[in-house]
Amino acid sequence: MYAVKANPSPDLIVALWDAGITTFDVASIAEVRLVRGLLPEASLCFMHPVKGEEAIAEAYHSHGVRTFSLDSEAELAKIVAATARDGVNATDLTLCVRLRVSSAHSKLSLASKFGVAAEDAGPLLVATRQVADALGICFHVGSQAMSPQAYAEALAQVRTAIVGAGVTVDVVDVGGGFPSVYPGMEPIALDAYFEVISRAFEALPVSYSAELWCEPGRALSAEYASVLVRVEARRDDVLYINDGAYGALFDAAHIHWRFPAKLVREGGSRARTMGFSFYGPTCDDMDFMRGPFELPADVRAGDYIELGMLGAYGSAMRTGFNGFTAGATIIARDEPMETVYGADEETPDNIVQLRQK
Ligand SMILES: *Cc1c(COP(=O)(O)O)cnc(C)c1O
């Protein structure tokens, strides 16, 4: 499934559907409504372990959601209550118990907030088994997992949980965390991840017909978008640009993520490249992206810069703080600045459609 959180752009969601992705990981009732509105036939899985009861009820009764995740008995009771009809419990639920696993191999931790430890999961798995049509175990190794070992270690925790609880498990969901490629962060091929995961899955004590699921967000969306910014001023090796920490560059500012940068200027530049930092447009010191972003040394006010690989957690993070927000969205069909999928497809025509938003 595609984790909508990474980039809820309707164009992307429809493109993924057209490419064969039929199941979507949604985390809020707004994401449920969004995807259901776009794709009446899609399967939706509500994989946030802490949900509002009215969100569960609307998802189940109005939007056909049957799969939910949880990490506590309180959440289980909430799901059971919200999906009952006339006092009769639902009999068609797929319920995934979220395990807490290490984020040690990942650039962005998701280890503290959700999940029950494998050693403590027994009672919850047994209780969930009693009300679920299908029982799943899910986890998230953290975003941008730089080694497939992350999944092998998490699947060892799944084994511990299953053996401890003695339940039949129908679904193992390895979550998201699949990496994309950024300057200084070049993961090994995704095939190596899939190999490690399928080997560990085959060795698990699950039913013969058990399904293996995953929920990538970043890996399916990072390559989808670039952000085009304009240089408003230059001071030495710092460029003042018109997007930043409160816009699409949240990760660049707050966790020092680096993105590929390309000068966009008529006639280009022949200057050697050097590293630049960026200030964003707001009046806030925190609106600073250290980089370094590699650009020609003669970059100047008025130039545009393409910052690539911002399809995941880029446009999704924009705010309107200080009045600086997105101008135009342009649908283009050029290659992404980097790819984890190999370059075996032809480059289609460049910009085909211009749409003001
Ligand atoms: C954020 C999230 C994802 C997607 O993670 P990526 O690192 O972008 O692949 C998947 N599942 C859940 C439950 C999440 O919270």
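Remember, it's a predicted structure, so these values are computed and weren't measured experimentally.

(A) Region of the structure containing the sheet that holds strand β9 (residues 171–173). Read across the sheet, eight strands follow the order β1-β2-β3-β4-β5-β7-β9-β10 without closing on themselves; strand pairing throughout is parallel. If you trace the sheet from one side to the other, it starts and ends with β1 (2–3) and β10 (211–213), each paired once. Taken together, the two bridges between β1 and strand β2 (residues 23–26) define a ladder with parallel strand orientation. Bridge pairing links Tyr-2 to Phe-24 in β2.

(B) Up close: the pattern of salt bridges. Counted by the stated rule, this structure contains ten salt bridges. Note that Asp-170 and Arg-129 form a salt bridge whose closest N and O atoms lie 3.1 Å from each other. With Asp-170 in the loop between α6 (149–165) and β9 and Arg-129 in helix α5 (residues 122–131), this residue pair connects regions lying 41 residues apart in the sequence. The partner of Glu-232 in a salt bridge is Arg-230, and the shortest N-O contact between them spans 3.2 Å. The class for Glu-232 is partly exposed, based on a relative accessible area of 40%. Shared partners join several salt bridges into a network, and the residues in it are Lys-51, Glu-75 and Lys-78.

(C) Structural view of a nonpolar patch on the surface. The grouping of Leu-228, Val-264 and Tyr-304 at the surface amounts to a nonpolar patch, some 250 Å² of accessible area in total. Note on Val-264: relative accessible area 35%, which makes it partly exposed.

(D) Looking closely at the nonpolar core. Ranked by size, the top nonpolar core spans 96 residues in total, and within it Phe-24, Phe-68, Leu-99, Phe-139, Tyr-151 and Phe-278 carry the most contacts. Per-element accounting of this core gives the leading share, eight residues, to α6. Counting the residues that make up this core, at least three belong to each of domain 1 (2–221) and domain 2 (224–356). Setting aside its immediate chain neighbours within four residues, Tyr-151 contacts Phe-139, Val-141, Ala-145, Val-174, Gly-176, Gly-177, Phe-178, Tyr-193 and Ile-197. Within the second largest apolar cluster, seven residues are counted, among which are Met-1, Cys-45, Met-47 and Cys-96.

(E) Focus on helix α4 (residues 73–83). Those residues of α4 that sit buried are Glu-75, Leu-76, Ile-79, Val-80, Ala-82 and Thr-83. Packed against the buried residues of α4 are α3 (53–63), β4 (67–70), β5 (94–98) and α5.

(F) Examining the layout of surface pockets more closely. The space that makes up the second largest pocket amounts to roughly 710 Å³. With three residues, helix α9 (residues 250–254) is the single largest residue contributor to the lining of the second largest pocket. Each of domain 1 (2–221) and domain 2 (224–356) contributes no fewer than three residues to the lining of the second largest pocket.

(G) Main features of the domain arrangement of the protein. When its domains are assigned, the protein resolves into domain 1 (2–221) and domain 2 (224–356). With 24 residues of domain 1 at the contact, the number on the domain 2 side is 19 residues. For the pairing of domain 1 and domain 2, the buried interface totals around 1800 Å² over both sides, and the portion due to carbon and sulfur atoms is 61%. Broken down residue by residue, the surface that domain 1 buries against domain 2 is led by Val-181, Tyr-182 and Pro-183, which jointly contribute 28%. Our count for the contact surface shared by domain 1 and domain 2 stands at zero salt bridges. Those elements that place two or more of their residues in the side of domain 1 that touches domain 2 are α1 (10–18), β6 (106–108), β8 (143–145) and α8 (218–221).

(H) Here's a closer look at the sheet that holds strand β16 (residues 304–307). With mixed pairing, the six strands of this open sheet are ordered in space as β13-β16-β11-β12-β14-β15. Each edge of the open sheet carries a strand with a single partner, namely β13 (261–264) and β15 (288–296). Adjacent strand axes in the sheet meet at a mean angle of 45° when their direction is disregarded. The pairing of strand β11 (residues 227–235) with β16 spans four bridges and is antiparallel. What sits directly across from Arg-230, in β16, is Tyr-304.

Rules and cut-offs
Residues numbered from 1 in each chain as written. Predicted model: local features only at pLDDT ≥ 70, side-chain atom pairs only at ≥ 80, totals over all residues. Heavy atoms only, no water. Pairing = 2+ DSSP bridges. Helix = DSSP H or I, 4+ residues; strand = E, 2+ residues; numbered from the N terminus. Salt bridge = Lys/Arg side-chain N within 4 Å of Asp/Glu carboxyl O. Buried < 20%, exposed > 50% of the residue type's maximum accessible area, 1.4 Å probe, protein only. Patch = residues over 30% accessible without salt bridge, like charges linked within 9 Å, V, L, I, M, F, W, Y side chains within 5 Å. Areas by Shrake-Rupley, 256 points an atom, 1.4 Å probe, with all protein chains shown as cover. Core = buried A, V, L, I, M, F, W, Y, C linked by side-chain atoms within 4.5 Å. Domains from an automatic or database assignment. Contact = heavy atoms within 4.5 Å. 1 Å grid on protein atoms, 1.4 Å probe; cavity = no way out; pocket = protein on both sides within 12 Å on 5 of 7 lines; lining within 4 Å. Points joined across faces, edges and corners; volume = space filled by probe spheres on them. Buried area = accessible area lost by both parts, 1.4 Å probe. Axes fitted to C-alpha atoms, helices over the stretch in contact; angles between N-to-C directions.

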